[in-house]
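# Close look at the chain arrangement
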Amino acid sequence: MKSIQQRLLISLLIGLPLLWLITSSFIAWRLWHEINEMNDTQITQVVRYLMGVSADDSDSQDGDPKTGEQEDSDQEEGKGEHHREKSEKPAAKIYNLKSKELSGDLGDAEDDYMGFAIWDKEGHLLVADENGQSFSFLPDQRGFLEEYNSAYQRLNPFSKRWRLFYAHDDYNGDNGYDDTHEGRVIAVGQNLDSRREMIVEAMSVQVLPMLIGLFSFMILAIGLIRHGLMPLSQISAEVEQRKLQDDSPITADVPKEIQPLVTALNVLFIKVADTLAREQRFTADASHELRSPLAALKLQADLLQQQLLQLSGIENDNQLFYHTQKISDGIERATHLVDQLLVLAKIEPQQQLPPEQLEHPDWLMLTDSVLSDFNRLAREKHIQLKRTVHCDNPADILPILINPVLFKLLIRNLLDNAIRYCPEGCLIELQLDVDNIKVVDNGLGADPEQLARLSERFYRPAGQTQLGSGLGLSIANRIAELHNLTLAFANRSQPETGFVVTVKSKSPLSKPL
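Small disclaimer: the values here were computed from a predicted structure and weren't measured.

### Quick word on helix α9 (residues 404-421)
Over its 18 residues, α9 extends 26 Å from the first C-alpha to the last, a length consistent with the 26 Å expected when each residue adds 1.5 Å. Among the 18 residues that make up α9, 13 are buried, leaving the element largely enclosed by the rest of the structure.

### Considerations on helix α4 (residues 192-241)
Relative to the 74 Å expected for 50 residues at 1.5 Å per residue, α4 spans 69 Å between its end C-alpha atoms, a close match to the ideal helical length. The largest bend along α4 measures about 40° and falls at Met230, with the proline Pro231 one to four residues further on.

### Some thoughts on the environment of Gln352
For Gln352, the position within the fold is in the loop between α6 (317-347) and α7 (363-373). Distance in space between the C-alpha atoms of Gln352 and Ile479 is 9.9 Å, their sequence separation being 127 residues.

### Comments concerning the pattern of salt bridges
As enumerated under the stated definition, the model contains ten salt bridges in all. Notably, a salt bridge pairs Asp193 with Arg196, separated by 3.3 Å at the nearest N-O pair. Of this pair, Asp193 and Arg196 are both found in helix α4, three residues apart, which corresponds to roughly one turn of the helix. Residue classification places Asp193 among the partly exposed positions, given a relative accessible area of 41%.

### Let's talk about the nonpolar core
Counting residues in each nonpolar core, the largest one holds 46 residues, and the members touching the most others are Trp363, Phe407, Leu414 and Ile428. Elements with a contribution of two residues or more to this core: α7, α9, β8 (427-432), β9 (436-441), α10 (472-482), β10 (485-491) and β11 (499-505). Residues Ile118, Leu126, Phe144 and Ala167 belong to the second largest nonpolar core, which totals twelve residues.

### Details of the packing of aromatic side chains
Evaluated as defined, the whole model comprises seven aromatic pairs. Ring centres of Trp119 and Tyr166 lie 6.3 Å apart, and the angle between their planes is 15°; on these two criteria the pair is classed as stacked. Of this pair, Trp119 sits in strand β2 (residues 114-119) while Tyr166 sits in strand β5 (residues 162-169), and the two are 47 residues apart along the sequence. In this structure, Trp119 and Tyr166 share a single accessibility class: buried. A cation sits over an aromatic face here: Arg163 above Phe144, 4.3 Å from the ring centre.

### Comments concerning unusual backbone geometry
The peptide bond linking Gln494 to Pro495 adopts the cis configuration, its omega dihedral lying at 10°. In this structure, Pro495 sits in the loop between β10 and β11. One non-glycine residue, Leu398, lies in positive phi territory at about 30°. Topologically, Leu398 is positioned in the loop between β7 (384-389) and α9. Residue Leu398 is classed as buried on the basis of its relative accessible area of 0%.

### Quick notes on the packing of α9 against α10
Contact geometry for α9 and α10: axes closest at 9 Å, N-to-C directions at 145°. Relative to α10, the crossing made by α9 is left-handed. Each of Leu406, Phe407, Leu409, Leu410, Asn413, Leu414 and Asn417 in α9 lies in contact with α10, whose residues at this interface are Gly472, Leu473, Ile475, Ala476, Ile479 and Ala480. Residue composition of the contact of α9 with α10, by class: ten nonpolar, three polar and no charged.

### Points about the sheet that holds β7
Within the open sheet, the five strands sit side by side as β7-β8-β9-β11-β10. Their pairing is mixed. Looking at which strands have only one partner, the edges of the open sheet turn out to be β7 and β10. Along the sheet, successive strands turn relative to each other by an average axial angle of 15°, direction set aside. Two strands pair when backbone bridges link them, and β10 and β11 are joined in this way by seven bridges, in the antiparallel orientation. For Leu485, the partnering residue across the bridge sits in β11 and is Ser505. Sitting on the sheet, α9 is in contact with β7, β8, β9, β10 and β11, with an inclination near 20° to β9.

Rules behind the numbers
- Along each chain, numbering runs from 1 in the same order as the chain's sequence is written.
- The predicted origin of the model limits local features to residues at a pLDDT of at least 70 and limits the giving and counting of side-chain atom pairs to 80 or more, whereas totals for whole chains, interfaces and linings rest on all residues.
- To obtain the side-chain values, all non-hydrogen atoms of the structure were used and water was disregarded.
- Numbering of helices and strands runs from the N terminus; a helix is a DSSP stretch of H or I covering at least four residues, while a strand is a stretch of E covering at least two.
- Any helix carries an expected span of 1.5 Å times its number of residues minus one.
- The rule is simple: take the accessible area with a 1.4 Å probe, protein chains only, and divide by the maximum for that residue type; under 20% is buried, over 50% is exposed, in between is partly exposed.
- Axes are fitted to the seven residues ending at a residue and to the seven starting at it; the angle between these axes is taken as the bend at that residue.
- Think of a salt bridge as a Lys or Arg side-chain nitrogen and an Asp or Glu carboxyl oxygen that are within 4 Å of each other.
- Nonpolar cores are built from buried Ala, Val, Leu, Ile, Met, Phe, Trp, Tyr and Cys residues. Side-chain atoms within 4.5 Å join them into one set.
- When two rings of Phe, Tyr or Trp (its six-membered ring) have centres within 6.5 Å they constitute a pair, described as stacked for plane angles under 30 degrees, edge-to-face for angles over 60, and tilted for the intermediate range.
- A positively charged side chain is recorded as over a ring if its NZ (Lys) or CZ (Arg) lies within 6 Å of the ring centre. The angle to the ring normal must also be within 35 degrees.
- Here an angle of 0 to 180 degrees is reported between the N-to-C directions of two axes, which are lines fitted to C-alpha atoms, with helices fitted over the stretch in contact.
- Helix crossings get a hand from a simple test, with the near helix turned counterclockwise from the far one by less than a right angle marking a left-handed crossing and a clockwise turn marking a right-handed one.
- By definition, residues are in contact when any of their heavy atoms lie within 4.5 Å.
- For this scheme, ten residues count as nonpolar: Ala, Val, Leu, Ile, Met, Phe, Trp, Tyr, Cys and Pro. Four count as charged, namely Asp, Glu, Lys and Arg, and the remainder, Gly too, count as polar.
- Between any two strands, pairing holds if DSSP finds at least two bridges.

Structure, rendered in structure tokens:
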């Protein structure tokens, strides 16, 4: 299951940008619509203005009253003008920002923003600006020129850069407005690039602060989440370093929502420590209470054996001696079990060894002491004990810090186990190397399916006749764990027979200096 902090961060880092993207897309869509609507309205207003100016110009040219003589002379002159109009086109007026009519401060005005053009009914350009003089004369077009219009397709690619609106000025002087379609054609266009630039600038004004605010909020949210969950990390670190016997309460300053959990943990610590203390006291007390009567029984059994050896003439004395020997063996096994239980009660609650109890070992001296303790037991079974050092410098042997008392007990249990279960005449070798310690024998070995269970408490393979409690290898394994070591059980590779126990570090060892 993912951590609360990870889930919150993933949700915020995905959810907030997604929400920002949806909001920005909606704003961009609405802004595009509103700006298009505003600019289209502006285009139609310009068209209406141009139509009004066109009408005023016509009235000013035709509005002066004329006398009859003037009318006759005008008729004669009109005939001559008619012939000249057919031979000459009227000159168009082209306006730009540099025209004399637009002198003065023009601010930030641009030539390529809008354009207009006015034609007469025959398609002769009358008035236009620099952009409008490139517009096409479309006598049949009215309103905006849309993409689906055939005329729009004909004007590609030019018209893609402009939003064009066509209108017909049907003003005929004294007759007013009518539907004769004989007036002027007016076209007004707006550069789409300028319109898009306007939309992008408007979006940047709104979206950029939102983007900065989004990143700032995300950084703030990450910091607040980590700070808010910091008490949980402190509690985790404190619980991880706590010993099983420690019943002191957690004193970390935690939020109100986590306080019930901390209170429950404090109660649990007291219960666990009390349970362990009671179990440890019970094991120690029971072991101590059993040692005295077992020692007395052992003494009585030994005395009985001596008396039987001294007496003669008693029938079935061999049978009596056999039974007393069984009693002595049982007492010895019970005594061994009590001793192992005492050791187990001492080391089991520990999670790590106190630093003041650790030291650099003298492996040769330590193993000498252990081997000398087992010489008599090995000779009784005609077993040879041997030690082999696989490195030139004894100081390079397994460079770790150990508790000498506990580690001596580990090696004792491994050698005791080998001597007990090896047949007579075997060789047991204690091998010391730079990265491990091995106990190797040439006995019968163990069944492969039993190897994984040899370190379990009270486990003994079926069919065993040797005295034992099933705790020796379990205690050795626990001592190895306290030293950050592992105990590996294996049979020797064919064609050799025997059993191998390897003590090695869980992590790579640093090379000794």
